[in-house]
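# Architecture at a glance
The lines below spell out each chain.
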Amino acid sequence: MKKIFLSLFLVTLLVSCSWDSMEDVWNNTSEKQDFFIETKKLSDFLWSFQIKKSWKINPTQDITISSNANWRVWNIFVKEWDRVYVWSNLISMQDTVANYALNLDKARLSVESVEINYEQTKINLDKAVADTKLNLEKLQKDYEILQKTIEENIASAKINLDNSITNSNSSLFWTNSWASKAELDYNNLIKSNQEQIRSFETSVHKDYLNLKNLFSDIINFSDRLLWVTELNKNQNDSFENYLWAKNTALKNELENELLKLISFKKEKFDSIESNWFDIDKLDYILWVWEEGYKLTILFLDKLEDLFDYSVESTELTSSDISTYKITVNTYQTTLQWNYSAFLTFKASVDSFLSTYKNTEDALKKQLDINEENAQITYNKVLLDSQNQLNSMESAIKNAQINYDNSIKTRDITLQNLENQISIAKNTRSLAQNEYSKLSITSPIVWVVSDIMVDKWQEVNIWMPLIKISSLGDSEINIAVWYNQLDYFKVWKKVIVKYLWNNLEWIISSVSPNADNNLNYKVQILVKSDVKLAWNIVDVYLDVELWKTLLPLWIIKIKSDGLAQINTLSWTILSTQNIYFWEFYWDKIEIKWCVGLSAEDCNNLDIVINDMSNFDEEKFKLIIK
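Let us look at the structure shown here.

Criteria and cut-off values
Residues numbered from 1 in each chain as written. Predicted model: local features only at pLDDT ≥ 70, side-chain atom pairs only at ≥ 80, totals over all residues. Heavy atoms only, no water. Core = buried A, V, L, I, M, F, W, Y, C linked by side-chain atoms within 4.5 Å. Buried < 20%, exposed > 50% of the residue type's maximum accessible area, 1.4 Å probe, protein only. Helix = DSSP H or I, 4+ residues; strand = E, 2+ residues; numbered from the N terminus. Contact = heavy atoms within 4.5 Å. Disulfide = S-S within 2.5 Å. Patch = residues over 30% accessible without salt bridge, like charges linked within 9 Å, V, L, I, M, F, W, Y side chains within 5 Å. Areas by Shrake-Rupley, 256 points an atom, 1.4 Å probe, with all protein chains shown as cover. Salt bridge = Lys/Arg side-chain N within 4 Å of Asp/Glu carboxyl O. Axes fitted to C-alpha atoms, helices over the stretch in contact; angles between N-to-C directions. Parallel < 35°, antiparallel > 145°, perpendicular 65-115°, else oblique. Left-handed = near helix turned anticlockwise from the far one by under 90°. Nonpolar A, V, L, I, M, F, W, Y, C, P; charged D, E, K, R; others polar. Pairing = 2+ DSSP bridges.

### Things to note about the nonpolar core
Membership of the largest hydrophobic core comes to 42 residues, with the highest contact counts inside it found for Trp289, Leu303, Phe307 and Leu335. Elements that contribute at least two residues to this core include exactly helix 3 (172-226), helix 4 (248-269), helix 5 (282-306) and helix 6 (318-353). Element by element, the count of residues in this core is highest for helix 5, at eleven residues. Other than its neighbours up to four places away in sequence, Phe307 contacts Leu225, Leu243, Trp244, Ile321, Tyr324, Lys325 and Val328. Of all hydrophobic cores here, the second largest spans 25 residues; its members include Leu485, Val494, Leu503 and Val522.

The following block contains the structure:
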């Protein structure tokens, strides 16, 4: 009986203990508290943030505007108590010292001049390139035609030679007929050659006069700068001490080069005209002509380089130097174009002179044709054919050189003119900046409280001119950092919160310079019946960005550029690593999600609660 009772007692005790244990587990589960969370897809976050500044409202202030140079008051556009706005014109000044208005006009004219010269020069250079290319292509086609013609002529000459040998004892009629044809060919050739010589004479005379005038212009222009002749020796005394002052040795060298050029023109080039045209002297005439081109082109290249050693002054301005350079460049372009045309002409003359006498002699000998003459004729055809090919190849080579030089000249000249345009525009900008000082403008929206000068009055630098005041309007002056400066613009709206008031005002001015603390002053005009002077207010500026921004409190920074966010997939809480760019106050810019595509990243459900205190053993998640 005792054993049965003891067994029942043990069973009862075990059941009781087991029940108590299960009750404890149930009680622990039921004690978990609700932890409410909200989620939001990454693509739904606004691309904006809000800048908040707390600042004190200041009472009325005065600004005194002073002169920034020595002027004379030209006109006063306002009177006391006039309301002025940002950039309102208050006072205009008359330049009494530096001639800013005149300098601006000169700078503008200089820009227009170099731009016009650029367009005109570009047209001429493009035409020169096109012409030299066309000439090259024409010569190449002529060369192909000449090759075919020569092949036919050689074949024909070979047939005539064979016929001459075969028919050396043929009838007198055949001999007389063949001799008559040879005489006719000879007379036609003489006539053709004379016409060609007259054509050369006309071209040489016309181009010689043009070149002579051009040489005279270049020499006169250079002599007015270098003063090597008695005619111009005492000219331009006002700037001769500044022109090429940095390299007198090169200037002296260039003076000697100019004297050589003058001597060459007088002794050789001008003397051609006295014994104008002799076919036997044509080679010498063309040599003198080409030598004149080379000397003048070399002289202008040195003259252009020498301008870089000049010293700018009131007597010799940068605009004067640019004008001289433009004149030299114009001469260079004209000479290069004429020289290219001359080389083509010279090649045709050389080709003609190398063959015409021999061809005439060959035809003359055909009048007494025989077997020996036929052989000589055949050999002459071979020789003349080779000479013609050589001359044509030389002409093509010269045409190729002319074409390459025209492209090089075009590129160099246009680059130089583009540099001149850039310099002229910079000079115009500087002149415009200086000229703008003649207008005294208001930096802010205020009221004129005092005009301290009179019309026509002479003023000195730092002398007070006019005072403007805020009077009835108060102002808020807030300090912003450099990286915030782009968000604060004049006339942009801000929200000012004071107690229960939400007031919408505008930014009236932004300081372009930082203070000693590297902050920039932004002024907000206060226009309200609420008396806020000396009170602390909160200023809010809404900024819209084309960037995805997340609140800092839902992000855990892991390392430089890497962070972690909490996400929810169905009912499972997990984390996702993300890369970030910059901080924007209480927000951070998202770069991309680690391991996810852009679409999957945008579709993430992000927990927007602060999860730093969440404990799975104490809380259970409840999604709102």
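### A word on the environment of Phe580
Here Phe580 lies in strand 20 (residues 572-584). Take Phe580: its relative accessible area is 10%, and that puts it in the buried class. C-alpha separation for the pair Phe580 and Trp592, spaced twelve residues apart in sequence, amounts to 7.2 Å. If sequence neighbours within four positions are ignored, Phe580 has contacts with Ile557, Ser559, Gly561, Leu562, Ala563, Ile588, Glu589, Ile590 and Lys591.

### What about the state of the cysteines?
Under the criterion given, the structure shown has one disulfide. Bridging Cys593 to Cys601, the disulfide has an S-S length of 1.9 Å. Here Cys593 and Cys601 share a disulfide; its torsion about the S-S bond, 50°, makes the bridge right-handed. With respect to class, Cys593 is no different from Cys601; both count as buried.

### Concerning a nonpolar patch on the surface
On the surface, Tyr85, Val490 and Trp491 cluster together to form a nonpolar patch covering roughly 310 Å² of accessible area. With respect to the helices and strands, Val490 occurs in the loop between strand 12 (474-480) and strand 13 (493-498).

### So, the environment of Ala69
Within the fold, Ala69 resides in the loop between strand 4 (62-66) and strand 5 (71-76). In this structure the C-alpha to C-alpha distance between Ala69 and Val459, which are 390 residues apart in sequence, comes to 8.0 Å. Discounting chain neighbours no more than four positions away, the residues touching Ala69 are Val459, Asn460 and Ile461.

### Here we look at the packing of helix 4 against helix 5
In the contact formed by helix 4 and helix 5, the axes pass within 10 Å of each other and the chain directions differ by 160°. By the criterion of interaxial angle, the relationship of helix 4 to helix 5 is roughly antiparallel. Considering only the axes of helix 4 and helix 5, their crossing is left-handed. Contacts between helix 4 and helix 5 involve Leu250, Lys251, Glu253, Leu254, Glu257, Leu258, Leu261, Phe264, Lys268 and Phe269 on the former and, on the latter, Tyr284, Trp287, Val288, Trp289, Glu291, Gly292, Leu295, Thr296, Phe299, Lys302, Leu303 and Leu306. Across the contact of helix 4 with helix 5, the residue classes break down as 14 nonpolar, two polar and six charged.

### A closer look at the pairing of strand 20
Where strand 19 (residues 562-569) lies against strand 20, eight bridges are found, and the strand directions are antiparallel. Looking at the pairing, Ile565 lines up with Gln576 of strand 20. What sits between the antiparallel neighbours strand 19 and strand 20 is a turn of two residues, in which Trp570 has the positive phi angle 60°. As paired strands, strand 20 and strand 21 (residues 587-593) are joined by five bridges and run antiparallel to one another. Counterpart to Phe580 in the pairing with strand 21 is Ile590.

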